[in-house]
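If you want the building blocks of each chain, they are given just below.
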Amino acid sequence: MIISARRLVALTLYVIALTILLLLGTWQILRGQEKAQIESRMAVGGKPLEISARPPDWSELDYRRADLSGNWIPDREFLLENRVYQGMPGFEVLTPFELAGDGAVMLVNRGWIGAGEDRGSIAVDPPGNGPGGVLYRPEPGFTLGETVSGETRWPQKILYLDIGALSERLGRGVEPAVLVLDPAHPLAHPRLWRPTAMPASRHYGYAVQWWGLALALLILGLIWRRKPKTRNPS
């Protein structure tokens, strides 16, 4: 059977469109599974993890609640720029914290402050009242320009949460996990950080929509395939 050029082009476009819809649905399912794992970890009840030294693998602690033991390094803060809260520009305050057990340094995200606003004084937490919150490992993603500004004074403004660049500027290795401070802590500012921008259920809903479009396209294709061909009169 010889297929005309027009029908061949239409068939090719049809297969491409159907494949894209199926892939989009599958991708949404995979993203939903990732978000479900995050939600499951954050929903774990019980006492927060007690962390006084670097764990063997930070990845196993992603999105878990934890309490740190150690001391603040208040004179070496970073201010993450271009953070907006309730329509107002400002920064997120990232304060280094030295773990008591092995001296490992990690960053604590204390929340949002407006431009020119006082960051609040840092004092050593009393025993049993170390900073607590949620752990996560940030990724700088796509970046343009330098992470850290050329300033020599502290606190230093940064554009991205690039752990490698911040370690270099701090002069000490910084752990890949950041603690997002509990909003109830006396040193906390309003929290901007969210574990996910979209819940797992919404990803699953989008997957159903994409696969529904793929099913509709498949049905239309079958109807088109069975449509009788018009013949030229002899």
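Computed from a predicted structure; not experimentally measured.

For the rest of this paragraph, the subject is the nonpolar core. Residues Phe78, Leu107, Tyr136 and Leu161 are the most contacted members of the largest nonpolar core, which totals 18 residues. For this core, the secondary structure elements donating two or more residues are β4 (78–85), β6 (105–114), β7 (132–136), α2 (163–170) and β9 (174–181). Apart from residues lying up to four places away in sequence, Leu107 is in contact with Phe78, Thr95, Pro96, Leu161, Ile163, Leu166, Val174, Ala177, Val178 and Leu179. Membership of the second largest hydrophobic core comes to 16 residues, among which are Ile51, Leu68, Phe97 and Leu187.

Of the residues making up α2, those classed as buried are Ile163, Leu166, Ser167 and Leu170. Take α2 and look down its axis: the buried residues cluster within an arc of 105°, on one side only. At its buried positions, α2 is contacted by β4, β5 (88–99), β6, β8 (156–158) and β9. Here α2 starts with a cap whose side-chain oxygen sits 3.1 Å from the backbone nitrogen of Gly164, and that cap is Asp162. Once α2 ends, the next one or two residues include Gly171, with phi positive near 80°.

With that settled, the discussion passes to the pairing of β6. Among the ten residues in β6, ten count as buried, and that is most of the element. Pairing between β5 and β6: nine bridges, direction antiparallel. Bridging across to β6, Phe91 finds its partner in Ile113.

Rules behind the numbers
Residues numbered from 1 in each chain as written. Predicted model: local features only at pLDDT ≥ 70, side-chain atom pairs only at ≥ 80, totals over all residues. Heavy atoms only, no water. Core = buried A, V, L, I, M, F, W, Y, C linked by side-chain atoms within 4.5 Å. Buried < 20%, exposed > 50% of the residue type's maximum accessible area, 1.4 Å probe, protein only. Helix = DSSP H or I, 4+ residues; strand = E, 2+ residues; numbered from the N terminus. Contact = heavy atoms within 4.5 Å. Arc of directions from axis to C-beta. Polar contact = N/O pair within 3.5 Å; in protein donor to acceptor, adjacent residues only side chain to side chain. Pairing = 2+ DSSP bridges.

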